[in-house]
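Topology and contacts: notes
The chain contents come next:
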Amino acid sequence: MADMIIRQAAVKDVDDIYEIERLCFPDPWSKDAMIYELESNPRAFYIVAELEEQVVGYAGLWWIGDEGHITNVAVKPGFRNRRIAQGIMDVMIDFTTQQGVLHHTLEVRRSNEPAIRLYEKFGFCVEGVRKGYYQNNKEDALIMWRHQPEPR
(Lines give C-alpha, C1' and ligand atoms only; values in the text may rest on other atoms or scores of the structure.)
Protein backbone atom coordinates (compact mmCIF):
# COMPACT_ATOMS: atom_id res chain seq x y z
CA MET A 1 0.00 0.00 0.00
CA ALA A 2 1.17 3.50 -0.78
CA ASP A 3 2.17 5.79 2.05
CA MET A 4 -0.74 7.51 3.73
CA ILE A 5 -0.50 11.22 4.45
CA ILE A 6 -2.57 12.72 7.25
CA ARG A 7 -2.73 16.51 7.22
CA GLN A 8 -4.89 19.37 8.37
CA ALA A 9 -7.88 19.84 6.09
CA ALA A 10 -8.24 22.95 3.96
CA VAL A 11 -11.17 24.53 2.14
CA LYS A 12 -9.90 22.93 -1.09
CA ASP A 13 -10.80 19.56 0.48
CA VAL A 14 -14.48 20.36 1.00
CA ASP A 15 -15.73 18.48 -2.08
CA ASP A 16 -13.82 15.34 -1.11
CA ILE A 17 -14.94 15.56 2.53
CA TYR A 18 -18.55 16.12 1.48
CA GLU A 19 -18.44 13.13 -0.88
CA ILE A 20 -17.16 10.89 1.93
CA GLU A 21 -19.78 12.33 4.29
CA ARG A 22 -22.59 11.50 1.84
CA LEU A 23 -21.28 7.98 1.23
CA CYS A 24 -20.82 7.15 4.92
CA PHE A 25 -23.72 8.68 6.82
CA PRO A 26 -27.50 8.38 6.37
CA ASP A 27 -27.91 11.96 7.71
CA PRO A 28 -24.90 13.71 6.16
CA TRP A 29 -23.88 17.22 7.02
CA SER A 30 -24.59 19.69 4.23
CA LYS A 31 -21.84 21.01 2.01
CA ASP A 32 -22.51 24.49 3.43
CA ALA A 33 -21.97 23.12 6.95
CA MET A 34 -18.65 21.64 5.85
CA ILE A 35 -17.58 24.92 4.28
CA TYR A 36 -18.48 26.74 7.49
CA GLU A 37 -16.48 24.25 9.56
CA LEU A 38 -13.37 24.67 7.39
CA GLU A 39 -13.60 28.42 6.75
CA SER A 40 -15.34 30.07 9.67
CA ASN A 41 -15.66 27.94 12.80
CA PRO A 42 -12.81 29.00 15.10
CA ARG A 43 -13.34 25.91 17.28
CA ALA A 44 -13.20 23.38 14.42
CA PHE A 45 -10.16 21.28 13.60
CA TYR A 46 -10.30 18.87 10.67
CA ILE A 47 -7.78 16.44 9.25
CA VAL A 48 -7.81 14.33 6.09
CA ALA A 49 -6.09 11.13 5.09
CA GLU A 50 -4.66 10.92 1.57
CA LEU A 51 -3.56 7.92 -0.44
CA GLU A 52 -2.00 8.58 -3.83
CA GLU A 53 -3.13 12.22 -3.66
CA GLN A 54 -6.77 11.21 -3.08
CA VAL A 55 -8.63 12.14 0.11
CA VAL A 56 -9.94 8.83 1.46
CA GLY A 57 -10.88 9.74 5.02
CA TYR A 58 -11.35 12.60 7.43
CA ALA A 59 -12.16 13.52 11.00
CA GLY A 60 -13.41 16.66 12.67
CA LEU A 61 -13.22 17.99 16.19
CA TRP A 62 -14.64 20.97 18.05
CA TRP A 63 -12.08 22.39 20.45
CA ILE A 64 -13.64 23.79 23.63
CA GLY A 65 -11.14 24.60 26.37
CA ASP A 66 -9.47 21.36 27.41
CA GLU A 67 -12.14 19.25 25.69
CA GLY A 68 -12.29 17.97 22.16
CA HIS A 69 -15.65 16.85 20.79
CA ILE A 70 -14.98 14.55 17.83
CA THR A 71 -17.78 15.30 15.38
CA ASN A 72 -17.05 12.96 12.50
CA VAL A 73 -14.69 10.13 11.58
CA ALA A 74 -15.20 8.59 8.15
CA VAL A 75 -13.32 6.51 5.59
CA LYS A 76 -14.45 6.26 2.00
CA PRO A 77 -15.98 2.89 1.07
CA GLY A 78 -13.44 0.82 -0.81
CA PHE A 79 -10.65 2.04 1.47
CA ARG A 80 -11.85 0.54 4.74
CA ASN A 81 -10.01 -2.15 6.71
CA ARG A 82 -6.65 -0.56 5.90
CA ARG A 83 -6.19 1.11 9.31
CA ILE A 84 -6.96 4.53 7.84
CA ALA A 85 -9.45 5.38 10.60
CA GLN A 86 -6.92 4.22 13.18
CA GLY A 87 -4.29 6.50 11.65
CA ILE A 88 -6.70 9.42 11.59
CA MET A 89 -7.66 8.89 15.24
CA ASP A 90 -4.03 8.50 16.27
CA VAL A 91 -3.05 11.81 14.68
CA MET A 92 -6.17 13.62 15.94
CA ILE A 93 -5.70 12.51 19.54
CA ASP A 94 -1.92 12.92 19.58
CA PHE A 95 -1.99 16.42 18.12
CA THR A 96 -4.88 17.75 20.20
CA THR A 97 -3.48 16.24 23.39
CA GLN A 98 -0.16 17.98 22.72
CA GLN A 99 -2.15 21.21 22.32
CA GLY A 100 -3.83 20.84 25.71
CA VAL A 101 -6.96 18.76 25.12
CA LEU A 102 -7.32 16.51 28.18
CA HIS A 103 -10.77 15.07 27.48
CA HIS A 104 -12.08 13.74 24.15
CA THR A 105 -15.71 12.81 23.58
CA LEU A 106 -17.88 11.55 20.75
CA GLU A 107 -21.22 9.93 20.00
CA VAL A 108 -21.44 6.66 18.12
CA ARG A 109 -24.38 4.54 17.01
CA ARG A 110 -25.03 1.74 19.46
CA SER A 111 -24.94 -0.71 16.50
CA ASN A 112 -21.60 0.51 15.08
CA GLU A 113 -19.43 -2.16 16.67
CA PRO A 114 -16.35 -1.61 14.44
CA ALA A 115 -16.24 2.08 15.43
CA ILE A 116 -16.82 1.30 19.10
CA ARG A 117 -13.93 -1.19 19.07
CA LEU A 118 -11.69 1.39 17.37
CA TYR A 119 -12.52 4.05 19.95
CA GLU A 120 -11.94 1.59 22.80
CA LYS A 121 -8.41 0.99 21.43
CA PHE A 122 -7.77 4.67 22.10
CA GLY A 123 -9.07 4.49 25.66
CA PHE A 124 -12.62 5.69 25.08
CA CYS A 125 -15.27 4.31 27.46
CA VAL A 126 -19.05 4.57 27.35
CA GLU A 127 -20.22 7.11 29.93
CA GLY A 128 -23.78 7.72 28.77
CA VAL A 129 -26.51 7.19 26.19
CA ARG A 130 -28.46 9.67 24.07
CA LYS A 131 -31.83 7.99 23.47
CA GLY A 132 -33.17 8.28 19.92
CA TYR A 133 -30.23 10.51 18.90
CA TYR A 134 -30.03 9.60 15.20
CA GLN A 135 -32.74 11.21 13.09
CA ASN A 136 -32.99 8.61 10.33
CA ASN A 137 -33.94 5.67 12.59
CA LYS A 138 -34.05 7.05 16.16
CA GLU A 139 -31.16 4.78 17.16
CA ASP A 140 -29.47 5.52 20.47
CA ALA A 141 -26.00 7.04 20.55
CA LEU A 142 -23.40 5.91 23.03
CA ILE A 143 -21.53 8.84 24.57
CA MET A 144 -17.88 7.88 24.84
CA TRP A 145 -15.13 9.75 26.68
CA ARG A 146 -11.37 9.47 26.84
CA HIS A 147 -9.66 11.26 29.73
CA GLN A 148 -5.96 12.11 29.58
CA PRO A 149 -4.29 12.09 32.98
CA GLU A 150 -3.44 15.65 33.96
CA PRO A 151 0.28 16.38 34.22
CA ARG A 152 1.65 16.46 37.75
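Being a predicted model, the structure only gives us computed values, none of them experimental. (Residues numbered from 1 in each chain as written. Predicted model: local features only at pLDDT ≥ 70, side-chain atom pairs only at ≥ 80, totals over all residues. Heavy atoms only, no water.)

What about the environment of Lys76?
Mapped onto the secondary structure, Lys76 falls in the loop between β4 (67-75) and α3 (84-98). Taking relative accessible area as the criterion, Lys76 reaches 13% and is therefore assigned buried. For the pair Lys76 and Asp32, spaced 44 residues apart in sequence, the C-alpha separation works out to 20 Å. For Lys76, the residues in contact, after removing those within four places along its chain, are Glu19, Ile20, Leu23, Gln54, Val55 and Val56. (Helix = DSSP H or I, 4+ residues; strand = E, 2+ residues; numbered from the N terminus. Buried < 20%, exposed > 50% of the residue type's maximum accessible area, 1.4 Å probe, protein only. Contact = heavy atoms within 4.5 Å.)

Considerations on the side chain of Glu37
Along the chain, the position of Glu37 falls in helix α2 (residues 31-39). Arg43 provides the closest opposite charge to the buried, salt-bridge-free Glu37, at an N-O distance of 10 Å. A polar side-chain atom of Glu37 sits 3.1 Å from a polar atom in the side chain of Tyr46. One polar contact links Glu37 to Trp62, side chain to side chain, over a distance of 2.6 Å. Residues contacting Glu37, with those up to four places away along its chain left out, are Trp29, Ala44, Tyr46 and Trp62. (Lys, Arg positive; Asp, Glu negative; His and termini not counted. Salt bridge = Lys/Arg side-chain N within 4 Å of Asp/Glu carboxyl O. Polar contact = N/O pair within 3.5 Å; in protein donor to acceptor, adjacent residues only side chain to side chain.)

Topic: the packing of aromatic side chains
Applying the stated rule across the entire model yields seven aromatic pairs. Lying across the ring of Tyr134, Arg109 places its NZ or CZ 4.0 Å from the centre. (Phe/Tyr/Trp six-rings, centres within 6.5 Å; stacked < 30°, edge-to-face > 60°. Lys NZ or Arg CZ within 6 Å of the ring centre and 35° of its normal.)

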